[in-house]
Amino acid sequence: MADQSGSAPTLGAASVGSAGLVRQVLRSLPWVVAALFVLAALLAPVLAAYDPIDAVGGPMQPLFSQGHLLGTDGFGRDQASRILYGLRPMLIVSLGAVALALVLGGAYGLISGVHGGRVDWAMMRGVDILMSFPLILAAILVLAALGASLLNLTLAVAMSQLPIFARLARALAKGEAARDYVMAARAAGFTQAHIMLREVAPNLLRPLLVQATSVVALAALTAAALSYLGLGVRPPTPDLGYMVREGQELIFIAPEQTVLPGILIAVFALAVSFCGDQLADRETGGAGL
Amino acid sequence: MMAAPILSLRGLTVRYPVRQGLSRREITALQPTDLDIHRGETLAIVGESGSGKTTLGRAMLRLVPVSGGSIVHDGKDLTALPPTALRALRPRFQMVFQDPYSSLNPSQRISTTLTSVLAHAGVPKAEHVERATALLADVGLDSDALTRFPRAFSGGQRQRIAIARALASDPDLIVADEPISALDVSIQAQVVNLLVELKAKRGLTLVFISHDLGMVSAIADRTAVMYFGEIVEIAKAGALATAPRHPYSAMLLASQPQPDVAAARATIRAAAGHAAADLPSQLDPPTGCPFQSRCPHALPRCAQEVPHLALAPRGGMTACFNPLVTDETPKGAQTA
Amino acid sequence: MTKITEFNPPTAISRRRFGQLLGAGAAATMLPWRVEAQDGVETLVFALPGLVGNFEPHTWVGFGDTVHVMDTVARGLTHMDFSDPLPQPAIAESWTISDDGTVYDFAIRPGLTFHDGTPLDAAAVLRTFQRMIDETDPTRPELSFALANLGGPNVLGFEAPEALKFRINLAAPDAAILGRLSRPDMVIVSPTALEEHGQEIGLNFASCGPYRIASVTPNERVVLEAFDNFYKGTPSVPRIVMQVIPEPVAQMTALSSGDLNVTNLIPHSNIDRLESMDAIRIEQSAAFISVVLAMNCVVGPLTDIRVRRAINLGIDREAIVREAFFGKAEVPGYITPAAEQGYSPEHLRHSVHDPEAARALLEEAGALGTELSLISENSGFWPRLGQVVERSLNEIGLNVTTEYLDGGTFNGRLFDPEGHELAYLQRSAFFPDPDGRFSPVYMSGTTGADAVTGQSGLPEQARLDELIMAANAEGDPEARGQIYVEMNNYMADAIMPVAAVVNTFLPVAVTTDLSGVNADALGTYRTFLEDSEFTG
């Protein structure tokens, strides 16, 4: 397979050929889509025509109504505005949870892997216990204990992802710890903390970041599922997952109220998971689309 | 009067737990070993892979967990030092590793690698660049190497950087663990020469671990031969290279590339009679001398008792009940 | 400020097509229980929300499913079909009450048997009732709450003085007891089955209702067969399958494909759409389910009755009916719904929406901007309702935050006097007697008055307790009704521990080939299917 790093297309579209061009476009598509989601969420106050919580028109107006492109819900709230604002919890929770899981899980796995021995054994049994729960169930338990809120939802999703990062970081750290540079650092007299943070940790960062990108989709879906179960943000705060739930009983009357938020969740998850695949391929030298 | 040794090993032992099915067992990577390393000398440690020479090199610097024995330096036992005190001493003992691709941190620029050692050794920050540049100059590299990552260098260059790092803390002792075996033949000599040169220039003590008995005899003052986790012979480098006392030393010497056709044939014949597959297992150590199964000189006693290092008839020490006595060493293998 | 037009069900063809496609897809995957219907026996399929499969009447193991099955397979001494405010004869064909109102003699209908053939006489009835009161009875389940539901310590004991005469002795008169005897936990159980199965009677249930249990598959279905010796005669429909279909959307598709005949679990939002379909009829039910907003009278700003009154005035009940129930609910009076005795149209003054007056009251009490927490369940219509209530209370100058909790957490907080400030309370009628909404909830000593509203210790509460007791001592239905009219007014004016929010019903959807389904009962969970008949 041809080298697909960013420098290749400087040859120009003509010499790359139309097949190559199509591939370039396809490869950049998920990044563009993911960026659009982030932009739309950031610019929600500018883009949204109405306050997402106020009743601003008659209830249950259909798609393409006057002044309400996506209609209104049963409370007369503007659907388009709710969807724009509803992107925010999904993005905050999925990105925040993954970042948190990366830092905490990464640190946990690093300590476990570098330390080795009994400490490693005990720490990994802890992770095994966490992993023996289905992710969503673990998250539900956390939310049941802490109560439903955006912060707790982030914590719950982060906790459900923690084992993924802990295990990866531990495996990577174990591999790194066996390398001579770690022994050289010990011979130099560096402290264990210095060795973990300054020597080993930077070498885990890249693979952990690649992993992070590929689990953002999972985090977004988990967050949406928990919101759907009513364990996310508190109504009337708009949230895509909860909109799916709220609109569900109206599926025969106004299917767009549940289908549209559902499609958006799926598109975002798909886009970020394609982005993650591309990064992972680059990391392992593979060459997927 | 000889000065006090820089390191004095007494009964130093390394054992590793291994899991075999459900049972936990131990293998002994280093049998209880006594060894003095004298200030300013070059001590070569030679043996086949798996002989415990790397373990000995690491154990004497306490880079692997030690199971028994002592390492005395300046009257202090390194095995009994608290971690902080040990860390404070560490800069004085450095190591150069076999694989320069693994011994440099791939995520650090060379400047970081060097300055973090300098900083730990207490060099003021203002002097870091100057000192790092000087270190690189010592090993024959330009200062523009500082801003690069290890992946930008060849194996030989990396090993030079590794040596520079070892020197950065201004050590008294460097353990070089097969520092050239991963390098191209064309640059092996350069790196060895660099080490020897630096050793002389800085008055270092050098422990040079190698599998090449012939090569080390050219640079070392003394040579220790290891087999199956223990030192089986230790003698002046020149003496050992010409008149080994232990049959294993003789075999090792004979197995070196050599122009003597007759000697080569003899080696091949000896190896054919006593297959290398007879190398004993660490999990199931043989009774008696561990070398007896391959030894052309084995006595019945060798199967019963373990020989210990003792003064050999003509200088040095050897662990053998039936040491070679003639001068015509390589042919000793033929007597079988 | 906001003009909200009337709710109009959109009728775009594309949407209908979409629904039909979805329905067809879902129906294709939901056929298993139709196997039961393929042997030619006429079968009525009823939707259950879940099925534990244990029908012990004295401790509900599963709420929804137990009541549905219990009503169909069992019967008590009296029966209330929700069409008449007074109890009707059932297993008892008549009764007499002593002059002092403390001794009830029931004449057991002669010639009846249980499903297992055991004769149904006064001794058999006594066996069922002894199980409630005798704590040493080996068949008595742990945590039996049947006696408390019948009248608690006011019930002195039971006797069977004659073969077909059963007697209940009370300490004080209780006009509601005849109604309570129609509750699903007061059903008569076969003494033979009790003897044989003891505490496991719930798994081997035999009673005297219109249908007998043919088979039970927990979490799937109960198959019921018509019982020949039912006191009203053999039911017309020979078989009922109660099938677990928890999802409203799945129920609607099953209804439209004819795989389901009766359900009371569809969302209010879909009533109009289902009504427009040829094969489905929505039965009009009376609004027996009431929702009130309980205000904890002993915590923070709610100790001030002006704040409680302001909240009552601030709730926009018309918006709730429109937005949370899609028009399928009623603005309440106060506690007693219009379908029960004791309601008077004048009670509507307790449910007036007057935001200006509410704001003025808050200002007077210095409570503008007060932060209040409100707890709600997070399933069913609650989140829709909660959003409208929260909005209207915040419009009068309060700062209300609703927490939506799962059922277990909600109940824990509700019954903890320190666990809540505002909380929703739902009350459905197991029998349409006005006492059911007062004495178990708002009388001193009940969990409701002690822990939920905290009204027990208020000085005004004594009079309410008196009124509740006076109503139950009054034998004349008319006079008794008047006491409840007064009771509603007194509680609202003097105490205001709860604000009425809305009265509604479970929408009952029936396939058009079926008639005789008791929709008023089904609208409040009771399931009387014995008069159903296929007409097609």
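Remember, it's a predicted structure, so these values are computed and weren't measured experimentally.

Rules used throughout
- Residues numbered from 1 in each chain as written.
- Chains lettered and ligands numbered in written order.
- Predicted model: local features only at pLDDT ≥ 70, side-chain atom pairs only at ≥ 80, totals over all residues.
- Heavy atoms only, no water.
- Helix = DSSP H or I, 4+ residues; strand = E, 2+ residues; numbered from the N terminus.
- Buried < 20%, exposed > 50% of the residue type's maximum accessible area, 1.4 Å probe, protein only.
- Contact = heavy atoms within 4.5 Å.
- Pairing = 2+ DSSP bridges.
- Axes fitted to C-alpha atoms, helices over the stretch in contact; angles between N-to-C directions.
- Phe/Tyr/Trp six-rings, centres within 6.5 Å; stacked < 30°, edge-to-face > 60°.
- Lys NZ or Arg CZ within 6 Å of the ring centre and 35° of its normal.
- Patch = residues over 30% accessible without salt bridge, like charges linked within 9 Å, V, L, I, M, F, W, Y side chains within 5 Å.
- Areas by Shrake-Rupley, 256 points an atom, 1.4 Å probe, with all protein chains shown as cover.
- Salt bridge = Lys/Arg side-chain N within 4 Å of Asp/Glu carboxyl O.
- Domains from an automatic or database assignment.
- Buried area = accessible area lost by both parts, 1.4 Å probe.
- Polar contact = N/O pair within 3.5 Å; in protein donor to acceptor, adjacent residues only side chain to side chain.
- Nonpolar A, V, L, I, M, F, W, Y, C, P; charged D, E, K, R; others polar.

1. Topic: the side chain of Thr-154 of chain A
Residues and elements named next belong to chain A. Here Thr-154 lies in helix H6 (residues 150–177). By relative accessible area, Thr-154 is classed as buried at 11%. In contact with Thr-154, not counting residues within four places along its chain, are Val-93, Gly-96 and Ala-97.

2. Points about the sheet that holds strand E13 (residues 289–295) of chain C
Residue and element names in this part refer to chain C. Taken in spatial order, the five strands make up an open sheet running E15-E14-E16-E13-E17, and their pairing is mixed. A strand with exactly one partner marks an edge of an open sheet, and here the two such strands are strand E15 (399–405) and strand E17 (498–504). The average undirected angle you get between the axes of adjacent strands in this sheet is 25 degrees. In this sheet, strand E16 (residues 422–427) lies alongside strand E14 (residues 371–377) in parallel orientation, the contact comprising two bridges.

3. As for the packing of aromatic side chains
Under the counting rule described, the total for this entry stands at 18 aromatic pairs over all chains. With 5.3 Å between their ring centres and 70 degrees between their planes, Tyr-248 of chain B and Phe-291 of chain B make a pair best called edge-to-face. One end of the pair, Tyr-248 of chain B, is in helix H9 (residues 247–254); the other, Phe-291 of chain B, is in the loop between helix H10 (261–273) and strand E11 (310–311), and 43 residues separate them in sequence. One exposure class covers both Tyr-248 of chain B and Phe-291 of chain B, and it is buried. Taken together, a centroid distance of 6.3 Å and an interplanar angle of 20 degrees make the contact between Tyr-104 of chain C and Phe-106 of chain C stacked. By the burial criterion, Tyr-104 of chain C is buried, and Phe-106 of chain C matches it. Put simply, the rings of Trp-95, Tyr-104, Phe-106, Phe-129, Phe-158 and Phe-166 of chain C pair up and form one aromatic cluster. Directly above the ring of Phe-321 of chain B sits Arg-301 of chain B, whose terminal nitrogen or CZ lies 3.7 Å from the centroid.

4. Things to note about a nonpolar patch on the surface
Residue and element names in this part refer to chain A. Side chains of Val-32, Leu-36, Val-38, Leu-39, Leu-42, Leu-43, Val-46 and Leu-47 sit close together on the surface and give an oily, nonpolar patch of about 730 Å² of accessible area. For the nonpolar patch, the secondary-structure elements that each account for two or more residues are helix H1 (13–42) and helix H2 (44–47). Residue placement: Leu-47 occurs in helix H2.

5. Focus on the arrangement of the chains
Contacts are most numerous between chains A and C, considering all two pairs of chains that are in contact. Chain B makes no contact with chain C; the smallest distance between any of their C-alpha atoms is 45 Å.

6. Examining the domain arrangement of chain C
Residue and element names in this part refer to chain C. Each assigned domain of chain C is listed with its residue range as follows: domain 1 (2–73 + 209–284 + 507–534), domain 2 (78–194) and domain 3 (289–504). Between domain 1 and domain 3, the residue contacts involve 13 residues of the former and twelve residues of the latter. Counting each side, the surface lost to burial between domain 1 and domain 3 is near 1100 Å², with a carbon and sulfur contribution of 65%. At the surface where domain 1 touches domain 3, the tally comes to one salt bridge. Between Asp-272 and Lys-328 there is a salt bridge; the shortest N-O distance is 2.9 Å. Our enumeration of links across domain 1 and domain 3 arrives at four residue pairs in polar contact (both at pLDDT 80 or more). Sorting the residues of the side of domain 1 that touches domain 3 by element identifies helix H2 (63–73) and helix H8 (271–275) as the ones contributing at least two each. Grouping the constituent residues of the side of domain 1 that touches domain 3 by class yields seven nonpolar, four polar and two charged.

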